[in-house]
Amino acid sequence: MKIEVDDLSGPGIRALLEEHVLEMYAISPPESVHALDLDGLRKPEITFWSVHDTDGLVGCGALKELDAVTGELKSMRTARGATRRGVASTLLAHIVEEARRRRYERLYLETGAEDFFAPARALYARFGFEACGPFAGYTDDPNSVYLTKALLTEGASCRRTSKA
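Worth saying up front: this structure is predicted, and the values here are computed from it rather than measured.

Visitor: Please give an account of the packing of helix α3 (residues 87-101) against helix α4 (residues 118-126) that cites residues and values.
Guide: Between α3 and α4, the least distance of the axes is 11 Å, while the angle of their chain directions is 45°. Taken together, the axes of α3 and α4 lie oblique to each other. As for the relative orientation of α3 and α4, their crossing is right-handed in sense. Residues Ala88, Ser89 and Leu92 of α3 touch α4, and the partners they reach there are Leu123, Tyr124 and Arg126. A per-class count over the contact of α3 with α4 returns 4 nonpolar, 1 polar and 1 charged.

Visitor: Mind laying out the pattern of salt bridges, listing which residues take part and the relevant values?
Guide: A complete count under the given rule lists 11 salt bridges for this structure. Across the pair glutamate 23 and arginine 80 runs a salt bridge whose closest N-O atoms are separated by 3.4 Å. Of this pair, glutamate 23 sits in helix α1 (residues 11-27) while arginine 80 sits in the loop between β4 (70-78) and α3; the two residues are 57 residues apart in sequence, bridging distant segments of the chain. Accessibility expressed as a relative area gives 17% for glutamate 23, which makes it buried. In this structure, aspartate 39 engages arginine 42 in a salt bridge whose closest nitrogen and oxygen atoms are separated by 3.8 Å. In this structure aspartate 39 comes out as exposed when scored by relative accessible area, which is 53%.

Visitor: Give me the lowdown on the sheet that holds strand β3 (residues 56-67), citing residues and values where you can.
Guide: Ordered in space as β1-β2-β3-β4-β5-β7-β6, the 7 strands form an open sheet in which the pairing is mixed. Only two strands of the sheet have a single neighbouring strand rather than two, namely β1 (2-5) and β6 (130-131). Bridge count for β3 against β4 is 7 bridges, and the pairing is antiparallel. Pairing of alanine 62 across the sheet is with lysine 74, part of β4. Packing against the sheet, α3 makes contact with β1, β2 (46-53), β3, β4, β5 (106-112) and β7 (144-150), and its axis sits at approximately 30° to β3.

Visitor: Give a detailed account of the nonpolar core, specifying residues and quantitative values.
Guide: Judged by nonpolar contacts, the single largest core of 33 residues is most densely connected at Leu17, Leu41, Phe48, Leu92, Leu107 and Tyr124. Elements that contribute at least two residues to this core include exactly α1, α2 (38-41), β2, β3, β4, α3, β5 and α4. Broken down by element, the residue count for this core peaks at 6 residues, all from α3. Each residue touching phenylalanine 48, except ones within four places of it in the same chain, is listed here: Glu4, Val5, Asp6, Leu8, Ile13, Leu17, Leu41, Cys60, Gly61, Ala62 and Ser75.

Visitor: Quick rundown of the pairing of β7? Include the residues and the values.
Guide: Among the 7 residues that make up β7, 5 are buried, leaving the element largely enclosed by the rest of the structure. For β5 and β7, the ladder comprises 7 bridges, and the chain directions are antiparallel. Among the inter-strand pairings, glutamate 110 is bridged to a residue of β7, identified as tyrosine 146. With 2 bridges connecting them, β6 and β7 associate as antiparallel partners. Considered in β7, the bridge of alanine 131 is made with leucine 147.

The rules behind these values
- Each chain has its residues counted from 1, running along the sequence as written.
- The model is predicted, so local features are restricted to residues of pLDDT at least 70 and side-chain atom pairs to those at 80 or more, both for listing and for counting; the totals for chains, interfaces and linings are taken over all residues.
- The basis for the side-chain values is all heavy atoms of the structure; hydrogens and waters are excluded.
- Simply put, an axis is a line fit to the C-alpha atoms, just over the touching stretch for a helix, and the angle between two N-to-C directions goes from 0 to 180 degrees.
- Under the scheme used here, helices are H or I runs from DSSP no shorter than 4 residues and strands are E runs no shorter than 2 residues, and both carry numbers assigned from the N terminus.
- Oblique is the label for any angle not covered by the other classes, which are roughly parallel (under 35 degrees), roughly antiparallel (over 145) and roughly perpendicular (65 to 115).
- For any pair of crossing helices, the crossing counts as left-handed if the nearer helix is rotated counterclockwise from the farther one by less than a right angle, and right-handed if it is rotated clockwise.
- Between two residues, a contact is recorded if the distance between any of their heavy atoms is within 4.5 Å.
- Each residue is assigned to one of three groups, with Ala, Val, Leu, Ile, Met, Phe, Trp, Tyr, Cys and Pro labelled nonpolar, Asp, Glu, Lys and Arg labelled charged, and all others, Gly among them, labelled polar.
- Take a side-chain nitrogen of Lys or Arg and a carboxyl oxygen of Asp or Glu: if they are within 4 Å of each other, that pair is a salt bridge.
- Residue burial is assigned from relative accessible area. The probe radius is 1.4 Å, only protein chains are included, and a residue is buried under 20% of its type maximum, exposed over 50%, and partly exposed in between.
- Strand pairing is assigned whenever DSSP identifies at least 2 bridges connecting the two strands.
- For our purposes a nonpolar core is just a set of buried Ala, Val, Leu, Ile, Met, Phe, Trp, Tyr and Cys residues, chained together by side-chain atoms within 4.5 Å.

If you want it as structure tokens, here you go:
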């Protein structure tokens, strides 16, 4: 699989994101849908990646900078014909590593509470994400699950200074 930054201009990625947004609205009430459309993803604080293999476009995901040390995972999607092939795991590992490279201390995400989202929640749990409260302007919502992951390794906080 090849993961690369995507400028969101290709017809394949437009179709995959349109499918994603439409499916989110079919599953969740409109007030609980936080999926971003193309315009929402074309922001300077968002880096968007697409995943390709021999079958073409198989997935996508994004990282939104909330502040200098915090990011939010957005728009994770695996193409319908590419599920159960490790696309989401590969991309999530890539995004987590990119967040570490940026020296983020924490990642957050919002996903659905409905059964449809159980595989996504299981994936995030395998990667060490844990339940948290709403963040970055989200509010309590029975249709949303909020998750977070600390990225600093033990003893690696570069923000501490010792006063000897």
